[in-house]
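What follows is each chain in one-letter form.
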Amino acid sequence: MNKEIKRNRPASTLIKEYIEKKKGRMSEARAELHRRFDYLDYSQQKKILVAHLKSSMSDRQWAYPRLLNYWDDSFMPIVKELWEEYHEERCSWSIIRYFPKDYIMEQFDTLSLVGRNYFHICLRFGGDDDFVIDKELLPLSDYLFVMYRIGKKISASEAMQILYSIAQEICGNTLEYDIDLRRSESRVESLYPERIRQISQAFYYITEMNIEKAINEFKEWSNKVSLDIEGDQEWINLQSSSLSDSDFNKKAYYVLIKVMMRNLPDLYKVPMPEIYKTPGILKLIDKLGLVCAKADKPSQDLPF
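Residues numbered from 1 in each chain as written. Predicted model: local features only at pLDDT ≥ 70, side-chain atom pairs only at ≥ 80, totals over all residues. Heavy atoms only, no water.

## Some details on the overall build of the chain
Selection rule: Per the convention used, a helix needs a DSSP run of H or I reaching at least four residues, while a strand needs a run of E reaching at least two, with both numbered from the N terminus. For every residue, the accessible area obtained with a 1.4 Å probe (protein chains only) is divided by the maximum for its type, and the residue is called buried under 20%, exposed over 50%, and partly exposed between those limits. For this analysis, residues touch if any pair of their heavy atoms sits within 4.5 Å. Surface accessibility follows the Shrake-Rupley procedure with a 1.4 Å probe radius. Residue values consider only the protein chains on display as shielding.
Counting its regular elements, the chain contains 16 helices and 0 strands. The burial tally for the chain puts 45% of its 304 residues in the buried class. Considering only contacts in the chain between residues 6 or more positions apart, those separated by 24 or more positions represent 62%. Approximately 17,000 Å² of the chain is accessible, and the part contributed by carbon and sulfur atoms is 50%.

This is how it looks when you write it as structure tokens:
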């Protein structure tokens, strides 16, 4: 018995059924248009995007990120209208990437408060003479990346302030951070601050900006931490333990945090987190899988 082959219907028919909200046909047409979208002619893709922007909230949410890749200025009027009516985060993405600077500055107070928009506004306009980056509105790692990306140098003292402050934040909120050694498949043999991804990333940007004094000072501090770890009794005992590689690395992570904390300059020292003071709590955290990793920063470009 021959199996019946379902043939594709013309995209123009599907678009018509979707736009006209044909009863019993619209949902099927939408699903098929989504499936075939990337392979259609641009003229049809534009019709689909406009139709979705004029439809329900869920359909608009589907269309917004695709505007980033399929943009032309003919979308500007409808996107402007939607933004001013709904102030939806995904709608703001194409505004920040494609709209004129004057409009973005006009809408700045609203746009900059949504998601990571201020970060992306800084990336787009940070190099302009008339745009002042407000450091207080950016996480330290984002500020450092922006300055690196737009080609603006910072002083060695500011660079070190940022590195120490990032280390301070990690030491004070250690369970929120994603530490490479905690996920290492094999037992780590050495510990140093750059094993913490956020610190390593920040140091990379400073190196790329060629801030020599800060580079040397950080290397000096990192070496000091490493030497202190080598003489730390907890680390010495840990190395002779029979723990599995995974459990070893988890405990090594806490040794690194502890020694980093005591080697921070006085201005950046933070109180020892309570988790270090409570017997058995670290074991319970590991057992229950409660150590959470701070979500990776989105790509340094606009989402999607």
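## With respect to unusual backbone geometry
What you tend to see is this: most non-glycine residues have negative phi, and most peptide bonds are trans. Phi at histidine 87 is positive, roughly 50°, even though this residue is not glycine. For histidine 87, the location among the structural elements is in the loop between helix 5 (76-86) and helix 6 (89-98). In this model, asparagine 210 sits at a positive phi of 60°, which is unusual for a non-glycine residue. Position of asparagine 210 among the secondary structure elements: in the loop between helix 12 (197-208) and helix 13 (212-230).

## What about the nonpolar core?
Which entries qualify depends on this criterion: Only buried residues count toward a nonpolar core. Its members are Ala, Val, Leu, Ile, Met, Phe, Trp, Tyr and Cys residues joined through side-chain atoms within 4.5 Å.
Counting 90 residues, the largest nonpolar core has Val79, Ile133, Ile154 and Met260 as the members making the most contacts within it. If sequence neighbours within four positions are ignored, isoleucine 154 has contacts with Tyr143, Leu144, Met147, Ala159, Ile162, Met209 and Ile211.

## What about the packing of aromatic side chains?
Rules: Note on aromatic pairs: the rings of Phe, Tyr and Trp (six-membered ring only in Trp) are paired at centre separations within 6.5 Å, and the planes decide the class, stacked below 30 degrees, edge-to-face beyond 60, tilted for the rest. Counted as over-ring charges are cases with an Arg CZ or a Lys NZ within 6 Å of the ring centre that also lie within 35 degrees of the ring normal.
Summed over all chains, the structure comprises 20 aromatic pairs. Between phenylalanine 125 and phenylalanine 131, the aromatic rings sit 6.4 Å apart at their centres with planes inclined by 45°, giving tilted as the arrangement. Each member of the pair, phenylalanine 125 as well as phenylalanine 131, carries the same accessibility label: buried. Looking at arginine 116, its charged tip hangs above the ring of phenylalanine 119, at a distance of 4.4 Å from the centre. When the ring centre of phenylalanine 248 is taken as origin, the NZ or CZ atom of arginine 187, which lies over that ring, is 4.1 Å away.

## Description of the confidence of the model for the chain
Caution applies to low-pLDDT parts of the model: their predicted coordinates are not meant to be read in detail. Threshold: Scored between 0 and 100, pLDDT is the confidence that the predictor attaches to each residue.
When pLDDT is averaged across the chain, the result is 87; 84% of the residues are at 70 or more. Of all secondary-structure elements in the chain, the lowest mean pLDDT belongs to helix 16 (residues 281-288), at 44, while helix 5 reaches the highest, 98. Of the regions scoring below 50 in pLDDT, residues 275-299 engages in 40 contacts with residues more than four places distant in sequence or in other chains.

## Observations concerning the packing of helix 1 (residues 11-19) against helix 3 (residues 42-53)
Filter applied, for reference: Each axis is a line fitted through C-alpha atoms, taken for helices only over the stretch in contact, and angles between the N-to-C directions span 0 to 180 degrees. An angle below 35 degrees is read as roughly parallel, one above 145 as roughly antiparallel, one from 65 to 115 as roughly perpendicular, and any other as oblique. Residue classes follow a fixed rule: Ala, Val, Leu, Ile, Met, Phe, Trp, Tyr, Cys and Pro count as nonpolar, while Asp, Glu, Lys and Arg count as charged, and any other residue, Gly among them, counts as polar.
At a closest axis distance of 11 Å, the pairing of helix 1 and helix 3 adopts a crossing angle of 10°. It follows that helix 1 is roughly parallel to helix 3 by the angle criterion. Taken together, the residues of helix 3 that come into contact with helix 1 (itself represented by Ala11, Ser12, Ile15, Tyr18 and Ile19) are Gln44, Lys47, Ile48, Ala51 and His52. Of the residues in the contact of helix 1 with helix 3, the class split is 6 nonpolar, 3 polar and 1 charged.

## Comments concerning helix 15 (residues 245-263)
Put simply, the rule is: Here a helix's expected span is defined as the number of its residues, less one, multiplied by 1.5 Å.
Here helix 15 is 19 residues long and its end C-alpha atoms lie 27 Å apart, about the 27 Å a rise of 1.5 Å per residue gives. Counting buried positions over the 19 residues of helix 15 gives 14, a clear majority of the element.

## Some words on the pattern of salt bridges
Where we set the bar: When a carboxyl oxygen of Asp or Glu lies within 4 Å of a side-chain nitrogen of Lys or Arg, that pair is called a salt bridge.
Tallying each qualifying case throughout the model produces 17 salt bridges. For the salt bridge of aspartate 232 with lysine 258, the shortest nitrogen-to-oxygen distance reads 3.1 Å. With a gap of 26 residues between them, aspartate 232 in the loop between helix 13 and helix 14 (233-239) and lysine 258 in helix 15 connect regions that are remote in the sequence. Since its relative accessible area comes to 6%, aspartate 232 is described here as buried. Take lysine 258: its relative accessible area is 19%, and that puts it in the buried class.

## Quick look at the environment of valine 50
By secondary structure assignment, the location of valine 50 is in helix 3. Taking the C-alpha atoms as reference, valine 50 lies 8.2 Å from alanine 63; in sequence the two are 13 residues apart. In this view, valine 50 contacts Phe75 and Ile78; residues no more than four positions away in its chain are not counted.

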